[in-house]
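These are the residues of each chain, in order.
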Amino acid sequence: MANEISQLPLYEKISYKNTIQRALDATLLFLLVSLLVYRLFSLKNHGFPWLLAFLCESWFTFIWGIDVSTKWSPVECRTYPENLEKRFPDLPNVDMFVTTANPVLEPPIITVNTVLSLLAVDYPAEKLACYVSDDGCSPLTFYSLVEASKFAKLWVPFCKKYNIQARAPFRYFSGDSEPLHAAANSEFKENWLKIKAEYELLFWKIEEAARKSVPCDLTGEFSAFCNVERSNHPAIIKIILEHKKILPDAVPNLVYISREKRPKQPHHYKAGAMNVLTRVSGVMTNAPFMLNVDCDMFVNNPQVVRYAICQLLGSKCEKETAFVQYPQVFYDGSRDDPYGNQFVVFSKYMFPGVAGIQGPWYAGTGCFHRRKVIYGLWPDDAENEAPNHASFNGKLLQYTLSKEFGNSKEFIMSTAEALKGNKGFPNNLSESLEAACQVASCSYENGTGWGTKCGWMYGSTAEDALTGLTIHKKGWNSSFHNPQPPAFMGCAPSGGPEAMIQRKRWAVGLLEILVGKSNPIVATLTAKLQFRMCLAYLWPLVWGLSSVPEFCYAALPAYCILTNSCFLPKVEERAIWIPITIFVTFNLHTLREYRITGLSIQAWWNNLRMGRITATSAHLFGLLTLILKLLGLVDTVFDVTQKDQSSDGDDTSHMTKFTFNGSAVFVPGTTLVLVHLIALLTLSSRLPISLAHGAHGVGIGEVFCSLWVVLCFWPFLKGLFEKGKHGIPSSTIVKSAALTFVFVHFFKT
């Protein structure tokens, strides 16, 4: 009987072959290569536009080759949580991390809902601890969590008693998540009304506090926030909830952390916050597994912890699952994804594809980690239970580990336990406060391996990608799981400026990895990163570099019209069918992907045009920022994007229109539109002559491409005539007009 139980599966990976998808991907790759061959052999008969087109198309072919490789062998994961407690009656502890940085851009009510959803997951409360990192050192955030902890004592038992699906209160009380089977139960109705009234009171308290300059009296437990500055304050750690006895209606531990910050000490943005969370939790609960989510990413599937533990404990060897990544799914997004930032098709095709290689990228949120992996353990050490740090029973234990992990005795001992793979230890949180404050100090990492050998990696604002790459290059694999309903849900940026800020930050961070010591090419040559995994990492890392060929290719039709030259074969030439076939096949192929995913044609078009807009604006500015940083002229900054919490009852129709602000990131797109408009106006005066004169003059292909670029940048064209947030600011138009004049004057002469 015991043997039968030990054989019960906890999860399985299912490989599948999408023959049609592969055929279309391979066909496009063949056509792109064919176009390059044609251009190469006819290069001597054409001028500069032909050469520029060849260079740009070579880059696009390379990127498409990476795309094909990444999607070639998709894998899906299926879990069996019903077998979990049969095989492991004593479930392991899990520490849950939530990060927030700005109470204005990330309103505390959003963080509160995320925390409440985590506290209410279907997992033994005594096995869970939630740690909230507040990099804004905001008394409002702490006040909100204290008030939320009172509500949690009602909310958590209510969710578990009635098996509530959506465990973020704002989402549940929006009306679409009320369990229908309980609607006729008078006891349920009474409890439902009571809980809803309590949540509305909580919401009102937080909103009222947010309107005040000081949210509450800074006395008692709030006195630590007196006279503190956001970037200059000691470590503040508060135990909000602590369960000292195992009770049926217990609520998990809840701890507030605002790490120490000093003006002259680097704090390494989110990566630094994650490392403090790791150390503080290490001296308090030291769970072998850790979940991290952004403040807006609430639990949408209460079984998610069990799903992840199934994969972490069910692996034949630990090497197979260093971390379990869940996709980012967004709630109440703008209809038809006008900003192209909901990533539905990406999650459908790219994540399963890379899961079939060495496992998914670490996406920075919605991820379960092995603590020992974050501590820098290599797979061979994990399997042999002989970590290369030192013998656990040796006299050099503390000295050896302190060089890498710091000089806290309490943390060193917890590290030794974690590296052994122990399940965490019961601890009196209050007795750990002194040690917790020590490891949360800004000087604790000095002279240690934090950020370089262990923890979340420093050196990039895309700390998630760098940390995941560091894990994969050691030989670890990771796992991807996409359950239904989705495990987590969050809010996507709801405006053009917010979307551009986010994509620019990503581009800068990813480029920092590409030009750094830990780039995937070096990792493949010198470490254990697989070749196809190297290509998969290059796909996002080169977003910033792709902005140059994207911008040049977008400007090329206008250049050809202004100079009466061509970069495409003439209509009467057979070779014209190569670019035509590529254009038609690519668009039909991507449209098919969107329709299979259940998205509309409008959503496909929005994502298509936003791909061009983002590449020539946010990614281009990301590249320029990195160049200035390498020259020592600027420092990179982690820009926090605005988080908005809406519900199904909110009207999101106004969000479908593109919005602008005075940021320079909108100058390239505006310039492209103006250049193409002037080129087309210039062409209209000489159209009959241009299309008939000269073997190498401008043709119908260049005119069509120019119109296509204008169509892709249609929001910018409309923005030239709109007012308010939907219009392009006059300062941006003036800058773009000056650049357009220079472009037209230079090339026409």
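These numbers were taken from a predicted model, which means no experiment stands behind them. (Residues numbered from 1 in each chain as written. Predicted model: local features only at pLDDT ≥ 70, side-chain atom pairs only at ≥ 80, totals over all residues. Heavy atoms only, no water.)

Enquirer: Just checking my understanding: could you explain the packing of aromatic side chains for this structure?
Expert: In this description, an aromatic ring pair is defined by two values, namely the gap between the centres and the angle between the planes. Taken as a whole, this structure holds 60 aromatic pairs when the rule is applied. Seen from their ring centres, Trp59 and Phe62 are 5.5 Å apart, and the 50° between their planes marks the pair as tilted. Placement of both Trp59 and Phe62 in helix H3 (residues 48–71) is noted, with a separation of three residues, approximately one turn of the helix. Judged by relative accessible area, Phe62 falls into the partly exposed class, the value being 37%. A centroid spacing of 5.5 Å and a plane angle of 55° characterise the contact between Tyr339 and Phe658, whose relative ring orientation is tilted. One end of the pair, Tyr339, is in the loop between strand E9 (323–325) and helix H11 (344–355); the other, Phe658, is in the loop between helix H24 (618–630) and helix H25 (667–684), and 319 residues separate them in sequence. Take Tyr339 and Phe658: they sit in the same class, and that class is buried. An aromatic cluster is built from Phe151, Trp155, Phe158, Tyr162, Tyr172, Phe173, Phe188, Trp192, Tyr199 and Phe203, whose rings are joined through pairwise contacts. (Phe/Tyr/Trp six-rings, centres within 6.5 Å; stacked < 30°, edge-to-face > 60°. Helix = DSSP H or I, 4+ residues; strand = E, 2+ residues; numbered from the N terminus. Buried < 20%, exposed > 50% of the residue type's maximum accessible area, 1.4 Å probe, protein only.)

Enquirer: Just checking my understanding: could you explain the pairing of strand E10 (residues 367–370) for this structure?
Expert: Burial along E10 is two-sided: Cys367 and His369 and Phe368 and Arg370, pointing in opposite directions, are all buried. Judged from the four bridges that link them, strand E7 (residues 289–294) and E10 form a sheet pairing that is antiparallel. What sits directly across from Met290, in E10, is His369. In the sheet, E9 pairs with E10 via three bridges, with the strands oriented antiparallel. Each residue of the ladder has a partner; that of Gln325, found in E10, is Cys367. (Pairing = 2+ DSSP bridges.)

Enquirer: Even after reading the chapter, I still don't get the pattern of salt bridges, so can you show me in this structure?
Expert: Any two side chains of opposite charge can pair, given that their charged atoms come close. Under the definition given, this model contains 26 salt bridges. The partner of Asp135 in a salt bridge is Lys261, with the nearest N and O atoms 3.8 Å apart. Pair noted here: Asp135 is in the loop between strand E4 (128–134) and helix H6 (139–162) and Lys261 is in the loop between strand E6 (253–258) and helix H9 (269–284), with a separation of 126 residues, a long-range link. For the pair Asp135 and Lys261, one class covers both residues: buried. Notably, a salt bridge pairs Lys205 with Glu147, separated by 3.2 Å at the nearest N-O pair. One end of the pair, Lys205, is in helix H8 (residues 186–211); the other, Glu147, is in helix H6, with 58 residues separating them in the sequence. Assessed through its relative accessible area of 11%, Glu147 is described here as buried. What emerges from the salt-bridge pattern is a single network uniting Asp25, Asp67, Lys71 and Glu593. (Salt bridge = Lys/Arg side-chain N within 4 Å of Asp/Glu carboxyl O.)

Enquirer: Can you walk me through the packing of helix H18 (residues 496–514) against H24 in this structure?
Expert: Helices that pack against each other are described as a pair by the angle of their axes relative to one another and the distance between those axes. Put simply, H18 and H24 touch, their axes get as near as 8 Å, and they point 45° apart. One way to sum up the angle between H18 and H24 is to call them oblique. Remark: the crossing between H18 and H24 carries right-handed chirality. Counted together, Met500, Arg503, Lys504, Ala507, Val508, Leu511 and Glu512 of H18 and Ala618, His619, Phe621, Gly622, Leu623, Thr625, Leu626 and Lys629 of H24 form the full contact between these two elements. (Axes fitted to C-alpha atoms, helices over the stretch in contact; angles between N-to-C directions. Parallel < 35°, antiparallel > 145°, perpendicular 65-115°, else oblique. Left-handed = near helix turned anticlockwise from the far one by under 90°. Contact = heavy atoms within 4.5 Å.)

Enquirer: Just to check I follow, could you spell out the environment of Thr682 for this structure?
Expert: By the element assignment, Thr682 lies in helix H25. Given a relative accessible area of 16%, Thr682 falls into the buried group. When the C-alpha positions of Thr682 and Leu562 are compared, they lie 7.3 Å apart, and in sequence the two are 120 residues distant. Here Ile678 takes part through its backbone oxygen, which lies 2.7 Å from a polar atom of the side chain of Thr682. (Polar contact = N/O pair within 3.5 Å; in protein donor to acceptor, adjacent residues only side chain to side chain.)

Honestly, that's just the spatial picture; any functional story needs more than this.
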